[in-house]
Amino acid sequence: MKNKTLETIMNNQEVTLDEAMELIDVYEYATLHLTNASGRELSLEINRCDDQKGSYVFSQHYYSTENSYTVMKDEIVSHEIKYQEHDSRSRFDYIFITCHLKDDSKLDLIIFKHDSYVKKECDGEYEFLDTSEAEDLFAETTGEDSKWKYAIVTINDIRGFSSTYIFVNVSYDEDEMELVIKGKEGSAKINLEGETEIYFREDEYCREFLIRPNNLPFMRIELSFH
């Protein structure tokens, strides 16, 4: 995926801090480290940056707890933005954003950049579904009269580990609002209540759902029907 801000950073050209912070919302995984003048540290795994009035709020999207950190923009004295390509020890490139604060604290943000870590819903091909739209489409897709005959399920976790299950049976339980996945490797249920986010795209050969389960901030479940 092409990103103008990323390309500018990779070419050692300047971007604004606001533009650099937006990259946190493009990739699946980033870390935040805050070190104060006495050496005490705060560390968070993040994948969201909200640019609010006069502040940045860092958090884990799709997670309901108050696991977040806020820094006021006027507290940032200076910043540096750097791009580092991967070496033999890592498959990731890194985007480093370092902010020096008025109280002599240092805020380090590290974005893990890899093609497989781009949030798929950011590529413009997926449509966001509300709960009723998702229910209708799941019922249609998994029903007895559906033209879609088999499914492939891929589950991606926080560390980038991916598991793919082919020719699984997927059904939808309307009463429990759950997708039920069954295959040789076992079974799983995905509840669609709460703040679970669902994205969708379709062509003549395939119907795909991308699910972000609530309370599992770095989890991505992909359902591909053929």
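Structural data are supplied above this passage.
Here the structure is a predicted model, which means the values were calculated and not measured.

Reading guide: rules and limits
- Residues numbered from 1 in each chain as written.
- Predicted model: local features only at pLDDT ≥ 70, side-chain atom pairs only at ≥ 80, totals over all residues.
- Heavy atoms only, no water.
- Pairing = 2+ DSSP bridges.
- Helix = DSSP H or I, 4+ residues; strand = E, 2+ residues; numbered from the N terminus.
- Axes fitted to C-alpha atoms, helices over the stretch in contact; angles between N-to-C directions.
- Phe/Tyr/Trp six-rings, centres within 6.5 Å; stacked < 30°, edge-to-face > 60°.
- Buried < 20%, exposed > 50% of the residue type's maximum accessible area, 1.4 Å probe, protein only.
- Contact = heavy atoms within 4.5 Å.
- Salt bridge = Lys/Arg side-chain N within 4 Å of Asp/Glu carboxyl O.
- Core = buried A, V, L, I, M, F, W, Y, C linked by side-chain atoms within 4.5 Å.

*Asks:* Give me the lowdown on the sheet that holds strand β4 (residues 55-59), citing residues and values where you can.
*Replies:* Strand order across the open sheet formed by three strands is β3-β4-β5, with antiparallel pairing between neighbours. Here the strands that pair on one side only, and so sit at the sheet edges, are β3 (48-52) and β5 (68-72). Put simply, the sheet's adjacent strands are angled 20 degrees from each other on average, direction ignored. In this structure, β3 lies alongside β4, joined through five bridges in antiparallel fashion. Among the inter-strand pairings, D51 is bridged to a residue of β4, identified as Y56.

*Asks:* Requested: an account of the packing of aromatic side chains, with residues and values cited.
*Replies:* Within this structure, the stated rule accounts for 10 aromatic pairs. Pairing F92 with F112 gives two aromatic rings, centres 5.5 Å apart and planes at 90 degrees, and the pair type is edge-to-face. Separated by 20 residues along the polypeptide, F92 in the loop between β6 (76-84) and β7 (93-101) and F112 in strand β8 (residues 106-113) bring together distant segments of the chain. A relative accessible area of 11% means that F92 is categorised as buried. Through pairs of rings, three or more aromatic residues link up here, namely Y29, F92, Y94, F96 and F112.

*Asks:* With reference to specific residues and values, describe the side chain of S55.
*Replies:* Turning to its location among the elements, S55 is positioned in strand β4. If near-sequence neighbours (up to four positions away) are discounted, S55 is found in contact with D50, T70, V71, M72 and K73.

*Asks:* Any details on the pattern of salt bridges? Residues and values, ideally.
*Replies:* Should the charged atoms of two oppositely charged side chains come close, the side chains can pair. Throughout the structure, instances matching the rule amount to 11 salt bridges. Close ionic contact of D50 with R48 constitutes a salt bridge, the shortest N to O distance being 3.2 Å. The exposure class of D50 is partly exposed, given its relative accessible area of 23%. When the shortest N-O distance is used, the salt bridge between D51 and K73 registers 2.8 Å. Pair noted here: D51 is in strand β3 and K73 is in the loop between β5 and β6, with a separation of 22 residues, a long-range link. A relative accessible area of 45% places D51 in the partly exposed class. One connected set of salt bridges, linked through shared partners, spans E28, R212, R220 and E222.

*Asks:* Explain the side chain of S146 residue by residue, including any values.
*Replies:* With respect to the helices and strands, the residue S146 is situated in the loop between α3 (131-142) and β10 (151-156). Here S146 falls in the buried class, since its relative accessible area comes to 8%. Look past the residues within four positions of S146 in its chain and what remains in contact with it is E140 and T141.

*Asks:* I'd like a rundown of the sheet that holds strand β13 (residues 186-191), residues and numbers included.
*Replies:* Pairing in this open sheet of eight strands is antiparallel, and the strands run β9-β14-β15-β16-β10-β11-β12-β13 from one edge to the other. Two strands close off the open sheet at either side, each with one partner strand: β9 (127-129) and β13. Pairwise comparison of adjacent strand axes, ignoring direction, gives a mean angle of 30 degrees for this sheet. The sheet contacts of α3 involve β9, β11 (162-173), β12 (178-183), β14 (197-202), β15 (207-212) and β16 (220-225), and relative to β15 the element is tilted by about 135 degrees.

*Asks:* Before we move on, can you summarise the nonpolar core with the specific residues and values?
*Replies:* M21, F58, Y69, L107 and L109 are the most contacted members of the largest nonpolar core, which totals 36 residues. Contacts of L107, omitting those with residues within four sequence positions, involve L32, H33, L34, F58, Y69, V71, I97, T98 and C99. Within the second largest apolar cluster, 22 residues are counted, among which are A134, Y172, M177 and L223.

*Asks:* So, the pairing of β14: which residues are in play, and what are the values?
*Replies:* Note that β9 and β14 share three bridges and pair antiparallel. Counterpart to E127 in the pairing with β14 is F200. In this structure, β14 lies alongside β15, joined through six bridges in antiparallel fashion. The residue bridging E197 from the neighbouring strand is R212, located in β15.

This is a description of form; function is not addressed.
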